[in-house]
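Coordinate analysis (summary)
Next come the chains, spelled out residue by residue.
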Amino acid sequence: MKILVCIKQVPQKDAPLKLNEAGTWIREDVPYEVNEPDAYALEEALQQKEKHGGEVVVITVGPPRSQQVLREALAKGADRAIHLADDSFVTLDAVSTARAIAVAIEGQSFDMIFTGLQSDDYGFAQTGVLLAELLGWPHATIIIGIEKTESGLRLKRELEAGQYQWMDMPLPCVLTIQSGINKLRYATLMGIKQARNKPLQQLTRTHLEGKLGTNLQTIERLYVPTKQKTTEMLQGSPTEIAKKLVDILRNELRVI
Amino acid sequence: MPETILVLAEQQQSKLNRVSLETVAAAQAIAKETGWQVEIAVLGHDIAAIEEELAAKKAAKVYAIESPQLAAYTSDAYVHVLKEFLAGRQPKLVLMPHTYQVRDFAPRLALALGKTVIPDAVGYKYENGKLLFTRQMFQGKFAADVSFSDAGPLWMATFQNAAFRGDAAEVGTAPVETLQVTVPDGVIRVQPHEIFREARQAVDLSQSEAIVAVGRGIKEQKNLAMAEELAKLLGGDIAASRPICDAGWLPLDRQVGSSGQTIAPKLYIALGISGAIQHIVGMKGSRTIIAINKDAEAPIFEIADIGVVANLFDIVPPLMEEMKKVKAGAY
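Note that this is a predicted model, so its numbers are computed, not measured.

So, about the overall build of chain B. Across its full length, chain B carries nine helices and 17 strands. If you line up chain B on its principal axes, its C-alpha atoms span 70 × 50 × 35 Å. Across chain B, every contact between residues at least 6 apart in sequence was considered, and the portion connecting residues at least 24 apart equals 65%. Summed over its atoms, the accessible surface of chain B is roughly 12800 Å², and 50% of this surface lies on carbon and sulfur atoms. Charge centroids of chain B, computed over 33 positive and 38 negative side chains, lie 3 Å from each other.

Here's what the structure looks like:
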């Protein structure tokens, strides 16, 4: 099985984010990490390769700093990496991102492409589905189980409100992977060492010349959301706060 | 003829997904401001009851698109049928609920038409003749007003659960037009099987009056004991955001959010939960929300009634001490 995993670098979950002066994007000087569902997608690819053999290739579309997530993926066991690198890629919409990936993998015959189900920054939840349309492949979203069958794959899809569904899917296909499908591994020292010698292909914007198109949607402004409620913020020492909370629980809410 | 807003209502197993009515309400609200008209379409097989229900809403028309091949949902059939339908009718705007099913086919449908979907909007703005959709970004830390780069038609957007009130959808009498369609052999490449639930949910959190929910801020599995003790003192139950269940620290039936349970207890205490959209849709109906989080910017504070910016491990132990004193009648 030859598997491509699309991963993305996003701001760390607890990083304090600030708006840029124009109010169009965040200030970029924050710590980054791999988008969490993408880490599960990578792990799933590595486990499929361990079961069935083959190759795991990771790809990211992002500024030079995002090479870090490829290095980490190589250290965890991916065989090679492709980096579509340009500062301007931060503002690509989902369609353009999918187009960029499709161009980068032209001529390489993958059996499966995995993405995380959505990213923590834009939260489009679209790139994988769009890539399937560009390639003309079938796809399935929010996958929490993958078994190989004689004719293709048997997939477990998560639906809403605790429901699930099995489905049969031919190859090649695109799957968007839900967090929690597996247990993530850590990179080993040996893995980190080996990663240095693994191929990392760099592609630039010129490689995509004329193939991206323009963004079909525009962020007019980014801002801190307006509050839906008035929140009473409690101040003081931990003991003072604890006393205030107990007073509220007892006298206002009457739950104790 | 005015421009048209087409609502794609969702059904599964011949039952209308109630969130569709929220989308109808959203479309009616936009139509009022823009002077456009609302139409509704629903796909499926054996869906007469759904057509009837939708026809009782205020709309210019209801399209029932029927085929035995639409009995079970597949993205392949939905994209095929809707591409043809939308290309023929060219509505200005297509609105859908942001469900798992819509997420599965809508991006692909839009691209097949050379268009885009603005996903997961929580509202809209109509400013100087320009339609903007407001959506959350960076896990709810920011909101963005997003526009379509082209002039339409076939703008497409999805609305998050509970962004509008379904019971606010205006009633009326809409004519129903039934379209019998066929899906050619070979279009459907996947074979969906029955929808099922895992072994019966052990806990029904929706019956609980007090919930103590933990997120990443709980740090380690062993710290759950503290949250459990707090829940016990309140006579309530422990719950969690998705990452805690993904890590296997609590079973999946304790998960609150879009992929877990939806609850509305009297009291919801969020410990170390940042408040990602997927979690908030599951608990924002709670009567009183108390949030304790060390990050003052955490989106959970947007919807909290009482907020404490602090390390939960500094607050919860003295809180439980005080609660025990009160319970023992010390005051």
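All names here are of chain B. What the rule picks out here adds up to 15 aromatic pairs over all chains. Taken together, a centroid distance of 5.1 Å and an interplanar angle of 5° make the contact between Phe148 and Trp155 stacked. Each member of the pair, Phe148 as well as Trp155, is classed as buried. One aromatic cluster is present, built from ring pairs that chain together Trp36, Tyr124, Phe133, Phe148, Trp155, Phe159 and Phe164. The positively charged end of Lys92 is found above the aromatic ring belonging to Trp155, 4.7 Å away from the centroid.

Moving on, we get to the pairing of strand β6 (residues 112–116) of chain A. Looking along a regular strand, one sees the side chains alternate between the two faces of the sheet. All names here are of chain A. Of all five residues in β6, five are buried; the element is thus mostly enclosed. Judged by which residues are buried, β6 turns out to be covered on both faces: Met112, Phe114 and Gly116 on one side and Ile113 and Thr115 on the other are all buried. Direction of pairing for strand β1 (residues 2–6) relative to β6: parallel, over a ladder of four bridges. Within β6, the residue paired with Ile3 across the bridge is Met112. Alignment of β6 against strand β10 (residues 173–177), held across five bridges, turns out to be parallel.

What follows deals with the side chain of Thr176 of chain A. Residues and elements named next belong to chain A. Structurally, Thr176 is set in strand β10. Since its relative accessible area comes to 6%, Thr176 is described here as buried. A polar contact is formed between the side chain of Thr176 and the backbone nitrogen of Ile142, at a distance of 3.0 Å. Not counting residues up to four positions away in its chain, the partners in contact with Thr176 are Thr115, Gly116, Leu117, Gly128, Ala140, Thr141, Ile142 and Ile143.

Pairing is parallel across the open sheet formed by six strands, whose spatial order is β13(A)-β17(B)-β16(B)-β15(B)-β13(B)-β14(B). Bordering the open sheet on either side are β13 (232–233) of chain A together with β14 (237–240) of chain B, each of which pairs with just one other strand. Pairing of strand β13 (residues 210–214) of chain B with strand β15 (residues 267–271) of chain B, which is carried by five bridges, proceeds in the parallel orientation. Residue pairing in the sheet places Ile211 of chain B in a bridge with Tyr268 of chain B of β15 of chain B. Packing against the sheet, helix α6 (residues 238–252) of chain A makes contact with β15, β16 (288–293) and β17 (306–309) of chain B, and its axis sits at approximately 165° to β17 of chain B.

It is worth spelling out the pattern of salt bridges at this point. All chains considered together, the criterion is met by 31 salt bridges over all chains. A salt bridge links Asp121 of chain A to Lys8 of chain A, with the shortest nitrogen-to-oxygen separation between them at 3.0 Å. A residue pair is termed long-range when its members are at least 10 positions apart, and Asp121 of chain A in the loop between β6 and α4 (127–135) and Lys8 of chain A in the loop between β1 and β2 (9–11) qualify at 113 residues. Judged by its relative accessible area of 24%, Lys8 of chain A falls in the partly exposed class. One salt bridge in this structure joins Arg18 of chain B and Glu53 of chain B, with 2.8 Å as the shortest N-O distance. With Arg18 of chain B in the loop between β3 (15–16) and α1 (19–34) and Glu53 of chain B in helix α2 (residues 48–55), this residue pair connects regions lying 35 residues apart in the sequence. For Glu53 of chain B, a relative accessible area of 28% puts it in the partly exposed group. Through salt bridges with shared partners, one network takes in Lys13, Glu36 and Asp120 of chain A together with Arg216 of chain B.

Now for the domain arrangement of chain B. Residues and elements named next belong to chain B. When the domains of chain B are assigned, the result is domain 1 (4–180) and domain 2 (205–327). Of note, the centres of domain 1 and domain 2, computed from C-alpha atoms alone, are 34 Å apart. With nine residues of domain 1 at the interface, the matching set in domain 2 holds nine residues. Both faces combined, the contact of domain 1 with domain 2 buries some 730 Å², and carbon together with sulfur accounts for 57% of it. If you sort the residues of domain 1 by the area they bury against domain 2, Tyr100, Gln139 and Lys141 come out on top, with a joint share of 51%. Remark: the boundary between domain 1 and domain 2 carries zero residue pairs in polar contact (both at pLDDT 80 or more). Residues that form the side of domain 1 that touches domain 2 fall into these classes: two nonpolar, five polar and two charged.

Moving on, we come to unusual backbone geometry. Following Leu171 of chain A, the chain continues to Pro172 of chain A via a peptide bond in cis, the omega torsion being 0°. Mapping Pro172 of chain A onto the fold places it in the loop between β9 (163–170) and β10. Here the amide bond leading from Gly152 of chain B into Pro153 of chain B is cis, since omega sits at 5°, within 30 degrees of zero. One non-glycine residue, Gln90 of chain B, lies in the positive phi region at around 50°. Secondary-structure assignment places Gln90 of chain B in the loop between α3 (75–89) and β6 (93–97). Judged by its relative accessible area of 38%, Gln90 of chain B falls in the partly exposed class. Phi is positive for Gln139 of chain B, which is not a glycine, with a value near 60°. Its location among the elements puts Gln139 of chain B in the loop between β8 (130–137) and β9 (142–148).

Between chain B and chain A, the contact holds 82 residues from the first and 88 residues from the second. Across the interface of chain B and chain A, roughly 7900 Å² is buried in total on both sides, 55% from carbon and sulfur atoms. Taken together, the links from chain B to chain A amount to six salt bridges. As a salt-bridge pair, Lys130 of chain B and Glu220 of chain A come within 2.9 Å of each other at their nearest N and O atoms. Along the contact surface separating chain B from chain A lie 46 residue pairs in polar contact (both at pLDDT 80 or more). If you tally residues by element for the side of chain B that touches chain A, the top one is helix α9 (residues 312–327) of chain B, at eight residues. Classifying every residue of the side of chain B that touches chain A by side-chain character gives 40 nonpolar, 19 polar and 23 charged. The sheet contact formed by β13 of chain A and β17 of chain B spans two bridges and is parallel.

Conventions we followed
Residues numbered from 1 in each chain as written. Chains lettered and ligands numbered in written order. Predicted model: local features only at pLDDT ≥ 70, side-chain atom pairs only at ≥ 80, totals over all residues. Heavy atoms only, no water. Helix = DSSP H or I, 4+ residues; strand = E, 2+ residues; numbered from the N terminus. Contact = heavy atoms within 4.5 Å. Areas by Shrake-Rupley, 256 points an atom, 1.4 Å probe, with all protein chains shown as cover. Lys, Arg positive; Asp, Glu negative; His and termini not counted. Charge placed at Lys NZ, Arg CZ, Asp CG, Glu CD. Phe/Tyr/Trp six-rings, centres within 6.5 Å; stacked < 30°, edge-to-face > 60°. Buried < 20%, exposed > 50% of the residue type's maximum accessible area, 1.4 Å probe, protein only. Lys NZ or Arg CZ within 6 Å of the ring centre and 35° of its normal. Pairing = 2+ DSSP bridges. Polar contact = N/O pair within 3.5 Å; in protein donor to acceptor, adjacent residues only side chain to side chain. Axes fitted to C-alpha atoms, helices over the stretch in contact; angles between N-to-C directions. Salt bridge = Lys/Arg side-chain N within 4 Å of Asp/Glu carboxyl O. Domains from an automatic or database assignment. Buried area = accessible area lost by both parts, 1.4 Å probe. Nonpolar A, V, L, I, M, F, W, Y, C, P; charged D, E, K, R; others polar.

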